Amino acid sequence: MAFIFKITTTGSPQTFTIPCQNVGTFNATIDWGDGGATSSITAYNDADLAHSYTTAGQYTITITGTFPNIYFNNGGDKLLVDEVVDLGDVGWENLNSAFYGCSNMTAFDVGTTDTSSVTNMFRMFRDCSSLTSLDVSGFDTSSVTNMFAMFHSCSSLTSLDVSGFDVS
């Protein structure tokens, strides 16, 4: 299943960049949700991880193939992220600081994800202050060695389900 998330651009034109780390092998296709051409991604620093939207609005971005990480790390276009519709099964290996600083993200659905190969979830949701409910009980955390500050400053959370976590 695809990794699907929504962003809202506020300018015309406006460029949105998906930040990644040099971890894992990329072989993915991105549908930017605006009816334009898709992008083929083969490296963490691929120029096609940036896309220009001609009209302000909300867009649904769909990533299929192998996409081992995402890394907002409190920078870049973090404030444009609204929602993760489905984290998807795209070969996740590292979720270190993945959504750190995405303070406008109001919803996150694990969906069909497979996190069995993920080793690092350090600061994954740090400062996601608009999230009120988060169910990550479906995460396979059996390979994770670092979860430090995973939910740090998620100040609006009223419900957090981590019941399926393997922290042994």
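One can find the structure itself at the top, above this paragraph.
Parameters at a glance
Residues numbered from 1 in each chain as written. Predicted model: local features only at pLDDT ≥ 70, side-chain atom pairs only at ≥ 80, totals over all residues. Heavy atoms only, no water. Helix = DSSP H or I, 4+ residues; strand = E, 2+ residues; numbered from the N terminus. Buried < 20%, exposed > 50% of the residue type's maximum accessible area, 1.4 Å probe, protein only. Pairing = 2+ DSSP bridges. Polar contact = N/O pair within 3.5 Å; in protein donor to acceptor, adjacent residues only side chain to side chain. Contact = heavy atoms within 4.5 Å.

### With respect to unusual backbone geometry
Of note, the bond from Ser-12 into Pro-13 is cis; its omega dihedral lies within 30 degrees of zero at -10 degrees. Residues other than glycine seldom take positive phi values, yet Asn-73 does so here, at roughly 45 degrees. Relative to the helices and strands, Asn-73 is located in the loop between strand 6 (57-66) and strand 7 (81-86).

### Observations concerning the pairing of strand 1 (residues 3-9)
Counting buried positions over the seven residues of strand 1 gives five, a clear majority of the element. Two strands pair when backbone bridges link them, and strand 1 and strand 7 are joined in this way by four bridges, in the antiparallel orientation. Bridge pairing in strand 7 links Ile-7 to Val-81.

### Topic: the side chain of Asn-69
Along the chain, the position of Asn-69 falls in the loop between strand 6 and strand 7. Its relative accessible area of 0% is what places Asn-69 among the buried residues. Of the polar contacts made by the side chain of Asn-69, one reaches the backbone nitrogen of Gln-21; its length is 2.7 Å. A polar contact of 2.9 Å, which involves the side chain of Asn-69, links it to the backbone oxygen of Val-23. Each residue touching Asn-69, except ones within four places of it in the same chain, is listed here: Cys-20, Gln-21, Val-23, Phe-26, Trp-92 and Asn-94.

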